[in-house]
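# Chains, contacts and geometry: an overview
Residues per chain, in single letters:
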Amino acid sequence: MSKTSMQDLLRRLPSVDALLQADAVREALDRHPRRLVLDCIRQVLETTRQRLIEGAPGDAPGEPEHATLVQAILERIEAAGSFTLRNVVNATGIIVHTNLGRSLLPREAVERLQLICRTYNNLEYNLELGRRGSRYVHAESILCELTGAESALVVNNNAGAVFLVLNTLAKDMEVIVSRGQLVEIGGSFRIPDVMRSSGALLREVGCTNRTHPHDFVSAINDRTALLMRVHTSNYRILGFTAEVSLEEMVSMGRAHGLPVVEDLGSGSLIDLSRYGLTGEPTVREAVRNGADVVTFSGDKLLGGPQAGVILGRKDLIDRCKKNPITRALRVDKLTLAALEATLRLYRDENRAIERIPVLRMIALSTDALNDTAQALCSLIRQIDTQQRLVVEVRSSSSQVGGGSLPAQNLPTRVVTVHGTEISAQKIEGFLRNNDPPIIGRIESDQFLMDTRTLLPDDLHTIGNAFARLLCSP
Ligand SMILES: *Cc1c(COP(=O)(O)O)cnc(C)c1O
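All values reported here derive from a predicted model rather than from experimental measurement.

Below, the discussion takes up the overall build of the protein. Of the regular secondary structure elements, the protein holds 19 helices and 17 strands. Here the protein holds 473 residues, and the buried ones make up 49% of them. The long-range share in the protein, meaning contacts at least 24 apart out of those at least 6 apart in sequence, stands at 76%. Summed over its atoms, the accessible surface of the protein is roughly 23,600 Å², and 49% of this surface lies on carbon and sulfur atoms.

Looking now at the sheet that holds strand 4 (residues 151–155). The 7 strands are arranged 4-12-11-10-9-5-8 in an open sheet whose pairing can be described as mixed. With one partner strand each, in any of the chains shown, strand 4 and strand 8 (201–205) form the two edges of the open sheet. For this sheet, the mean inter-axis angle between neighbouring strands, taken without regard to orientation, is 25°. Here strand 5 (residues 174–178) runs beside strand 8; their pairing, made up of 5 bridges, is parallel. Looking at strand 8, one finds that Glu174 is bridged to Leu201. Contacts from helix 11 (residues 246–256) reach strand 9 (224–230) and strand 10 (260–265), with the element oriented near 175° to strand 9.

Here the focus is the side chain of His97. Here His97 shows up in the loop between strand 1 (89–90) and helix 6 (107–118). Dropping the residues within four chain positions of it, His97 is found in contact with Asn90, Thr92 and Arg102.

Before going further, it helps to examine the UniProt feature "modified residue: N6-(pyridoxal phosphate)lysine" (unreviewed entry) in the protein. The positions that UniProt labels "modified residue: N6-(pyridoxal phosphate)lysine" (unreviewed entry) are, in the present scheme, Lys300. Among the structural elements, Lys300 can be located in the loop between strand 11 (293–297) and strand 12 (308–312). By relative accessible area, Lys300 is classed as buried at 4%. Setting aside residues no more than four positions away along its own chain, Lys300 makes contact with Val96, Arg102, Ser103, Ile185, Gly265, Ser266, Val358 and Gly402.

This brings us to the UniProt feature "domain: L-seryl-tRNA selenium transferase N-terminal" (unreviewed entry) in the protein. Sequence positions flagged by UniProt for "domain: L-seryl-tRNA selenium transferase N-terminal" (unreviewed entry) are, in local numbering, residues 10–49. Taken as a whole, residues 10–49 contains 80% helix and 0% strand, while its terminal C-alpha atoms sit 7 Å from one another.

It is worth spelling out the packing of helix 8 (residues 158–170) against helix 9 (residues 191–198) at this point. Closest axis-to-axis distance for the helix 8/helix 9 pair is 8 Å, and the angle between their directions is 45°. In terms of their interaxial angle, helix 8 and helix 9 are classed as oblique. Of the two possible hands of crossing, helix 8 and helix 9 adopt the one that is right-handed. Residues Ala159, Val162, Phe163, Leu166 and Asn167 of helix 8 form the contact with helix 9, whose participating residues are Val194, Met195, Ser197 and Ser198. Taken together, the residues of the contact of helix 8 with helix 9 break down into 6 nonpolar, 3 polar and no charged.

Taken across its 6 residues, strand 10 has 6 buried, putting it largely inside the fold. Burial of strand 10 is two-sided: the residues Val260, Glu262 and Leu264 facing one way and the residues Val261, Asp263 and Gly265 facing the other way are all buried. Relative to strand 10, strand 9 is paired through 4 bridges, and the arrangement is parallel. Bridge assignment links Arg229 to a residue of strand 10, and that residue is Glu262. In this region the chain leaves strand 10, passes through helix 12 (residues 283–288) and returns to the parallel neighbour strand 11; the handedness of that crossover is right-handed.

This part covers the pattern of salt bridges. If you walk through the whole model with that rule in mind, you get 27 salt bridges. Between Glu174 and Arg223 there is a salt bridge, with its nearest N and O atoms 3.3 Å apart. Highlighted residues: Glu174 in strand 5 and Arg223 in the loop between helix 10 (213–219) and strand 9, separated in sequence by 49 residues. Linking Asp193 and Arg196 is a salt bridge whose minimum nitrogen-to-oxygen distance equals 3.2 Å. One end of the pair, Asp193, and the other, Arg196, are both in helix 9, 3 residues apart, so they sit about a helical turn from each other. Judged by relative accessible area, Asp193 falls into the partly exposed class, the value being 36%. Through salt bridges with shared partners, a single network forms among Glu124, Arg132, Arg135 and Arg330.

Two faces make up the sheet, and in a regular strand the side chains alternate between them. Of all 5 residues in strand 5, 5 are buried; the element is thus mostly enclosed. Residues of strand 5 alternate between two faces, with Glu174, Ile176 and Ser178 on one and Val175 and Val177 on the opposite face, all of them buried. Sheet topology note: the strand 5/strand 9 ladder contains 4 bridges and is parallel. Bridge pairing in strand 9 links Val177 to Met228.

Cut-offs applied
Residues numbered from 1 in each chain as written. Predicted model: local features only at pLDDT ≥ 70, side-chain atom pairs only at ≥ 80, totals over all residues. Heavy atoms only, no water. Helix = DSSP H or I, 4+ residues; strand = E, 2+ residues; numbered from the N terminus. Buried < 20%, exposed > 50% of the residue type's maximum accessible area, 1.4 Å probe, protein only. Contact = heavy atoms within 4.5 Å. Areas by Shrake-Rupley, 256 points an atom, 1.4 Å probe, with all protein chains shown as cover. Pairing = 2+ DSSP bridges. Axes fitted to C-alpha atoms, helices over the stretch in contact; angles between N-to-C directions. UniProt positions renumbered as here; feature names shortened; annotations may be inferred. Parallel < 35°, antiparallel > 145°, perpendicular 65-115°, else oblique. Left-handed = near helix turned anticlockwise from the far one by under 90°. Nonpolar A, V, L, I, M, F, W, Y, C, P; charged D, E, K, R; others polar. Right-handed = clockwise from strand over helix to strand, strands pointing away. Salt bridge = Lys/Arg side-chain N within 4 Å of Asp/Glu carboxyl O.

The following block contains the structure:
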């Protein structure tokens with residue numbers, strides 16, 4: 001295209017003011033700030049200009065239709081005006097799904113959170129003495145009550161908890177840990193890296209599959225600060241294996257005057273073996289078996305807000321509290337309010353299972369899952385009046401997730417959907433772009449929704465989304 005005709009084309013693009021007068025844009029001004037609308041108009045004009053200028057030679061770019069520009073502007077306003085952090089429907093069956101926000105808070109925690117955020121509170125005020133107090137007292141007594149520990153401290157997350165413990169107790173000293181436990185939990189968190197950045201020197205012992213007590217004993221020297229155990233949350237070593245038990249570690253620690261630190265990862269407060277999940281030690285057991293310091297997450301099996309709990313021997317926890325880095329890892333009142341309310345539910349185990357969503361989902365019976373699956377299946381079939389979809393209920397298995405209980409699956413019921421003219425990919429993409437987004441998975445060319453992680457309102461949301469899908473061309 002010649003230079004002059006290009007200039008012509010650019011000149012003929014509508015002005016910002018002209019676009020501002022379009023009916024649909026004027027309507028958008030009622031719902032969105034003027035500055036945002038103006039920014040979107042400018043951005044669309046700019047990208048259109050760029051496209052005209054850079055357009056491939058020979059492929060003569062025509063003048064964009066006014067309506068096309070307006071449509072692009074509306075889409076941009078919609079995108080800019082919507083939240084980036086949004087609620088989604090979790091149809092994956094993974095209960096503690098780290099990508100989907102981990103655990104859902106119990107209603108009691110949400111109510112407590114609302115009260116404490118709406119009002120002033122005694123976060124750092126000692127009501128008894130009428131003067132400044134410490135934020136660290138708040139969840140401490142309930143944590144000690146539930147676990148039998150002497151003392152407790154809550155920080156931002158478990159990675160922070162491990163970091164703080166090592167930085168406090170083992171900076172520039174050696175920490176002995178089994179090679180079988182040098183775990184990576186999601187790309188960015190590797191036990192060896194956290195240890196290094198905390199200033200502790202990692203002393204690996206044993207082999208990947210087998211570590212024995214004498215491996216630890218022969219590594220102990222005057223620079224040893226502590227013995228560490230890490231729960232291999234997200235994998236299991238099977239076959240010819242040997243791990244040093246906590247009890248063995250504690251007796252070695254006592255003999256050499258070294259504290260034993262156990263990173264439990266999930267930190268379950270109740271024994272889940274009655275729901276078919278074995279191999280997850282409870283926090284109380286770890287304390288009773290002599291671990292000097294135990295750390296775990298607040299938002300994995302515990303089912304509370306994101307937090308890292310450090311508990312155990314008072315002298316060691318006191319040292320952590322005094323470490324200046326604690327300030328950088330500190331939790332806010334929202335976390336403390338939600339955590340305290342969640343923990344209080346554990347005073348009665350049955351109540352905990354009823355009220356804490358993570359536990360309720362673990363404990364769901366196959367009958368209950370089947371009822372939900374049948375209801376969802378009939379709902380979609382009813383909507384699919386022209387029978388373009390094949391909708392079925394099938395058995396499958398759900399995972400707890402969050403890097404806990406890797407080898408164990410919970411039997412569940414799923415609803416599978418496939419169609420003759422609609423591919424599983426198309427269904428998956430359409431539902432993922434729904435508002436709210438619905439996240440399921442594809443398995444052997446079928447779209448699959450696990451009912452274990454669905455909430456009561458989700459059925460309605462899924463039904464509406466399928467109604468829209470079936471209307472769309
Ligand atoms: C999940 C996990 C962590 C990290 O906990 P966050 O609360 O996600 O920071 C650390 N150690 C183990 C063993 C874990 O399973």
